[in-house]
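Architecture at a glance
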Amino acid sequence: MKNLILIFFAIGALALFNACEKVIDVDLKEADPLIVIEGNISDEFVAHKVTVSRTKAFTENNQVDAVMDAQVSVKDLTLNKLYLFSASNRFGEYKSELFKGAPGHNYELSVKVGNQTYTAQSAMPEKVFLDSLSITAISFFGEERKYVKVNYQDMPNIANQYRYILYVNNEKVKGYFLDFDRFNDGKYVNSTLFSGDPELKTGDEVKLEFQCVDMNVYRYFFAISQIGGNGGPPTTPANPTSNFNNGALGYFSAHTKEEKSAIIP
């Protein structure tokens, strides 16, 4: 009798489960594609690069939807001089003629796609020189790990914002490393870059690209770092504030640039 009761209970539970089961169709609303622009110019005498693409629907593949028919230019507003960019490949990259940006100058990037023009401005900060890279070993829960330290003299009495781009064995490290001199204005800075992927090993070559960026660019990358959880739990996903008008995503950065390398001992 006991076994019979258990059988009836199982049949009843299964019927209840089937009665409650329902197929839910999730309505993923398709937004209109947006223009995405990433533009950089530096104080190096090089061909500078701008990439232009469009966002894609959630259900599409993750390949870049490159924009190949844009009209791209950068204007030095301080000198009233225009630099034209031309498409360099099929990935939406546009390159300029050779020129060198100047600290203290204001620049405007203009990108025309169809009948719409997107513009952004960036002021190239005064250059702060990178002194050196060093390696520090820190123990966490009895395990020692090595990290890169960035050493430089902050320029006093002006706001300075920094972006560090780290490479290990010529591979760019994921994540965003940023700093500003709110608490160390005019001081000698030793900033440790806490990155555990990849873990640094003896013999690894590390390279750092040291950028002095304006406040709008700093805020843009800081917002991305918070969305990704750098230094804490991730925040609610949202598009970081762009310095472009007319709804374009991305950023335009006029920055100074310096690179140094080191071997992990």
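Structural data are supplied above this passage.
In this report, we go over the structure that sits alongside the text. (Residues numbered from 1 in each chain as written. Predicted model: local features only at pLDDT ≥ 70, side-chain atom pairs only at ≥ 80, totals over all residues. Heavy atoms only, no water.)

**Overview of the overall build of the protein**
When its secondary structure is counted, the protein shows two helices and 16 strands. Here the protein holds 265 residues, and the buried ones make up 38% of them. Here the contacts in the protein between residues at least 6 apart in sequence split such that 64% fall between residues at least 24 apart. Carbon and sulfur atoms form 53% of the exposed surface of the protein, whose accessible area is close to 16000 Å². (Helix = DSSP H or I, 4+ residues; strand = E, 2+ residues; numbered from the N terminus. Buried < 20%, exposed > 50% of the residue type's maximum accessible area, 1.4 Å probe, protein only. Contact = heavy atoms within 4.5 Å. Areas by Shrake-Rupley, 256 points an atom, 1.4 Å probe, with all protein chains shown as cover.)

**Considerations on empty space enclosed by the protein**
Taken as a whole and judged by the stated rule, the model has one cavity of 30 Å³ or more. Taken as a whole, the largest cavity encloses approximately 40 Å³ of empty space. K146, Y147, V148, L166, V168, V173, L193, S195, P198 and L200 together form the lining of the largest cavity. When residues in the lining of the largest cavity are grouped by element, the largest group, three residues, is from strand β10 (residues 143-153). Broken down by class, the residue content of the lining of the largest cavity amounts to eight nonpolar, one polar and one charged. (1 Å grid on protein atoms, 1.4 Å probe; cavity = no way out; pocket = protein on both sides within 12 Å on 5 of 7 lines; lining within 4 Å. Points joined across faces, edges and corners; volume = space filled by probe spheres on them. Nonpolar A, V, L, I, M, F, W, Y, C, P; charged D, E, K, R; others polar.)

**Some remarks on the pairing of strand β1 (residues 35-42)**
The element β1 is extensively covered by neighbouring structure, given that six of its eight residues are classed as buried. By the bridge criterion, six bridges tie β1 to strand β2 (residues 46-54) in an arrangement that is antiparallel. The residue of β2 that forms the bridge with I37 is V52. Two successive antiparallel strands, β1 and β2, enclose a turn made up of three residues. Bridge analysis of β1 against strand β16 (residues 249-263) gives seven bridges, and the strand direction is parallel. Paired with V36 across the strands is L249, a residue of β16. (Pairing = 2+ DSSP bridges.)

**As for the sheet that holds β10**
In space, the three strands of this open sheet follow the order β9-β10-β14, with antiparallel pairing throughout. Across the chains shown, the open sheet's two edge strands, defined by having one partner strand only, are β9 (130-140) and β14 (188-193). Each strand of the sheet is rotated relative to its neighbour by a mean of 30°, with strand direction disregarded. Alignment of β10 against β14, held across six bridges, turns out to be antiparallel. Bridge pairing links N151 to N190 in β14. (Axes fitted to C-alpha atoms, helices over the stretch in contact; angles between N-to-C directions.)

**Overview of the environment of K201**
Relative to the helices and strands, K201 is located in the loop between β14 and β15 (205-213). Along the sequence, K201 and I263 sit 62 residues apart, while their C-alpha atoms lie 9.5 Å from each other.

**Focus: the side chain of H105**
Here H105 shows up in the loop between β6 (93-99) and β7 (106-113). Of note is the side chain of H105, whose polar atom sits 3.0 Å from the side chain of D76. (Polar contact = N/O pair within 3.5 Å; in protein donor to acceptor, adjacent residues only side chain to side chain.)

**Some details on the environment of V113**
Mapped onto the elements, V113 comes out in strand β7. Placed 45 residues apart in sequence, V113 and M68 show a C-alpha to C-alpha distance of 9.3 Å. In this view, V113 contacts I35, V52, R54, V67, A70 and Y118; residues no more than four positions away in its chain are not counted.

**Observations concerning the layout of surface pockets**
When its volume is computed, the largest pocket comes out at roughly 700 Å³. Along its surface, the largest pocket is lined by 33 residues, and N40, I165, E209, Q211 and Y251 are the ones closest to its centre. Of all elements in the fold, only β1, β2, β11 (161-168), β15, α2 (215-228) and β16 reach the threshold of two or more residues within the lining of the largest pocket. No other element matches the six residues that β2 contributes to the lining of the largest pocket.

**What about the nonpolar core?**
Grouped together as the largest cluster of nonpolar side chains are 24 residues, with contacts concentrated most on I37, V52, V72 and L109. Within the residue set of this core, elements represented by two or more residues are β1, β2, β4 (71-76), β5 (81-87), β6, β7, β8 (116-123) and β16. It is β7 that provides the largest number of residues to this core, a total of four residues. Setting aside its immediate chain neighbours within four residues, L109 contacts I37, G39, V50, V72, S73, V74, Y118, T119, A120, F244 and F252. (Core = buried A, V, L, I, M, F, W, Y, C linked by side-chain atoms within 4.5 Å.)

**Notes on the environment of K127**
Looking at where K127 falls in the secondary structure, it is placed in the loop between β8 and β9. Given a relative accessible area of 21%, K127 falls into the partly exposed group. Contacts of K127, omitting those with residues within four sequence positions, involve D43, P103, M155, C212, T256, K257 and E258. Within the structure, K127 has its side chain in polar contact with the side chain of D43 (distance 2.9 Å). Side-chain polar atoms of K127 contact the backbone oxygen of K257, separated by 3.1 Å.

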